[in-house]
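One letter stands for each residue in the lines below.
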Amino acid sequence: MKFRRIAMLVDADIRLSAALTALPGVEVYHVANEDEIDMALLNDLHSPCKLAFVGGNLAEHFARLYHGTWIALEADLLRFWESGA
């Protein structure tokens, strides 16, 4: 099954490497609130998502709210997207 690999960067200072963002199908959004998250998710409601929120406490809060995964490190994000979970 093809998943949308989505990284919601909650802290404006977070930057992902070019190698990670160049992966096919990767979507990266810089978000600060629920409205911005909702707009990003509306792009494709038919494909399942591997949704990761990257950042600190607010990212962890959004991960719980949107049933995503909270990720602190880029290496963990790549492992999450590559996993079958």
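Reading the values: the criteria
- Residues numbered from 1 in each chain as written.
- Predicted model: local features only at pLDDT ≥ 70, side-chain atom pairs only at ≥ 80, totals over all residues.
- Heavy atoms only, no water.
- Buried < 20%, exposed > 50% of the residue type's maximum accessible area, 1.4 Å probe, protein only.
- Helix = DSSP H or I, 4+ residues; strand = E, 2+ residues; numbered from the N terminus.
- Pairing = 2+ DSSP bridges.
- Salt bridge = Lys/Arg side-chain N within 4 Å of Asp/Glu carboxyl O.

1. With respect to the pairing of strand β1 (residues 4-9)
Item 1. For β1, the buried fraction is high: 6 of the 6 residues fall into the buried class.
Item 2. A two-sided burial pattern is seen for β1, the buried positions comprising R4, I6 and M8 on one face and R5, A7 and L9 on the other.
Item 3. The pairing of β1 with strand β3 (residues 49-54) spans 6 bridges and is classified as parallel. Residue pairing across strands places R4 opposite C49, the latter belonging to β3.
Item 4. Two strands pair when backbone bridges link them, and β1 and strand β2 (residues 26-30) are joined in this way by 5 bridges, in the parallel orientation.

2. Considerations on the pattern of salt bridges
Item 1. Taken as a whole and judged by the stated rule, the model has 3 salt bridges.
Item 2. Across the pair E27 and R4 runs a salt bridge whose closest N-O atoms are separated by 2.7 Å. Placement of the pair is E27 in strand β2 and R4 in strand β1, with a sequence separation of 23 residues. R4 shares its class with E27; the two are buried.
Item 3. A salt bridge links R79 to D76; its shortest N-O distance comes to 2.3 Å. Here the residue R79 and the residue D76 both occupy positions in helix α4 (residues 74-82), the gap between them amounting to 3 residues, near one helical turn.

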